[in-house]
Amino acid sequence: MDRLQNTIRPYAWGSTTALPELLGTEPTGEPQAELWMGAHPGAPSRLDRGEGPVSLADVIDADPAGELGEPTVAAFGPRLPFLLKLLAAGSALSLQVHPNLEQAAAGFAEEEANGVPLDAPHRNYRDANHKPELICALTPFDGLCGFRPAAETAELLDALGVDELKPYADLLRARPESDALREVFTAVLTADPEAMARTVEHAAAAAARRVAEAPDAPFADAYDAYVRIARQYPGDPGVIAAMLLNHVRLAPGEALFLGAGVPHAYLDGLGVEIMANSDNVLRCGLTPKHVDVPELLRIVRFEAGDPGVLRPEPDADGAERYATPIDEFQLSRYLSADGARTGLPHDRPQILLCVQGRVTLHGADDSRLDLAPGESAFARAGENVELAGAGTLFRATVADRPAR
């Protein structure tokens, strides 16, 4: 087992207090948005096996089969296929969508053939991989996920009484749902910027009035979220695009899975996030960064439905597992109590993250690691690990059905 030294990313949307509170450190006054655990080249974790700190990516590169196990290497190549994070949102992240594996491979190959630099601000595909995600709330967590049924969104827009929104509501009622969502989404993202800025201003003011007048009325929580987003991104068309999406408030322990083509945004809260190891993001709004509308419209799945809040399911090994259809990662939660030892599955590489209490990891060679909240460890494939102590531990690994 190896204790991990991890990097905190200071993105502007990050909370200034959530990660320090979890880690037991003093806030710096600066945003602390994400703590990364894994072998992503942007900020790989570091470990020390007696010769000084080295990158986990370099350790894996030196012996992929020994660190990851031959089945993982056969399925995903000589790299850790997932990235684990603590994510602390103090304001909204960009409204975004991710491609599926085939779209990512084709888009990456095309931009490579066209000579688009990897660091170009207008580049859409930084690699050839997909980027499914799972976010599990540690605190109450607000987000947007997938399209709300068109008829409900029409009702939400009409209730605001804003003239500029009426054509969108009428279209949502008049056209087949998938076509209506596509047409309204396209109209919002391609509207005249000055006209859209006025629409955002009027819609946000109306939403604020609705919340003040009827805080328990239908859509009140969603209206409140739109007001906050509009304050953070004044005039941004993403505010109106967000009104097409399901507003979700997760309780601690609940999770969302974000598959390919599903528009989403995290708004506020602290959570554990796991994703396939990719940087492919197509932004829809709530950002000053590049928005490629034609490519976005090709990738977005214009399907309405329930966002599908996940709750952990008991597993045979004593864990609670968050079920997803993805091979690259699997997230489980252990609620450990004093006096008991739990053997963890060890046939795959794993990252073990403490988020509450104090836990101890015992190795087969009588080694041990004590983990406090926010601390984590890497265990190579085949390494026996037992969990003890009183606390909550998340286990990130590859799925037990890796097949490509």
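Everything numeric in this text was worked out from a predicted model, so none of it was measured. (Residues numbered from 1 in each chain as written. Predicted model: local features only at pLDDT ≥ 70, side-chain atom pairs only at ≥ 80, totals over all residues. Heavy atoms only, no water.)

Peer 1: Just to check I follow, could you spell out the domain arrangement of the chain for this structure?
Peer 2: Interfaces are often sized by the amount of accessible area the parts lose when they come together. The domain boundaries assigned to the chain delineate domain 1 (94–311) and domain 2 (315–397). The straight-line distance from the C-alpha centre of domain 1 to that of domain 2 is 34 Å. Each partner contributes to the interface: domain 1 provides 16 residues, whereas domain 2 provides 15 residues. If you sort the residues of domain 1 by the area they bury against domain 2, Phe257, Val272 and Ile274 come out on top, with a joint share of 39%. If you look at where domain 1 meets domain 2, you find zero salt bridges. Inspection of the domain 1/domain 2 interface yields two residue pairs in polar contact (both at pLDDT 80 or more). Mapped onto the side of domain 1 that touches domain 2, the elements with two or more residues apiece are β8 (133–137), β11 (255–258) and β12 (264–276). (Domains from an automatic or database assignment. Contact = heavy atoms within 4.5 Å. Buried area = accessible area lost by both parts, 1.4 Å probe. Salt bridge = Lys/Arg side-chain N within 4 Å of Asp/Glu carboxyl O. Polar contact = N/O pair within 3.5 Å; in protein donor to acceptor, adjacent residues only side chain to side chain. Helix = DSSP H or I, 4+ residues; strand = E, 2+ residues; numbered from the N terminus.)

Peer 1: Can you help me understand the packing of helix α7 (residues 166–174) against helix α8 (residues 177–189) in this one?
Peer 2: The axes of two packed helices give the description: the angle between them and the distance between them. Put simply, α7 and α8 touch, their axes get as near as 8 Å, and they point 160° apart. Taken as axis vectors, α7 and α8 run roughly antiparallel relative to one another. Note on packing geometry: the crossing formed by α7 with α8 is right-handed. Facing Tyr168, Leu171 and Leu172 of α7, the residues of α8 in contact are Ala180, Leu181, Glu183, Val184, Ala187 and Val188. Split into classes, the residues belonging to the contact of α7 with α8 amount to eight nonpolar, no polar and one charged. (Axes fitted to C-alpha atoms, helices over the stretch in contact; angles between N-to-C directions. Parallel < 35°, antiparallel > 145°, perpendicular 65-115°, else oblique. Left-handed = near helix turned anticlockwise from the far one by under 90°. Nonpolar A, V, L, I, M, F, W, Y, C, P; charged D, E, K, R; others polar.)

Peer 1: Please explain the UniProt feature "binding site: Zn(2+)" (unreviewed entry) in the chain as it appears in this structure.
Peer 2: Here the UniProt-annotated "binding site: Zn(2+)" (unreviewed entry) positions come out as Gln96, His98, Glu133 and His264. These annotated residues cover 169 residues of sequence, but their C-alpha atoms sit close together, with the largest distance between any two at 12.0 Å. Since its relative accessible area comes to 2%, Glu133 is described here as buried. Those residues in contact with Glu133, other than ones at most four positions away along the chain, are Gln96, His98, Leu256, Phe257, Leu258, His264, Tyr266, Glu273, Ile274, Met275 and Phe329. Structurally, His264 is set in strand β12. In this structure, His264 is in contact with Ser94, Leu95, Gln96, Val97, His98, Glu133, Leu144, Cys145 and Leu258, ignoring residues within four places of it in sequence. Looking at His264, its side chain comes within polar contact range of the side chain of His98, at 3.5 Å. (UniProt positions renumbered as here; feature names shortened; annotations may be inferred. Buried < 20%, exposed > 50% of the residue type's maximum accessible area, 1.4 Å probe, protein only.)

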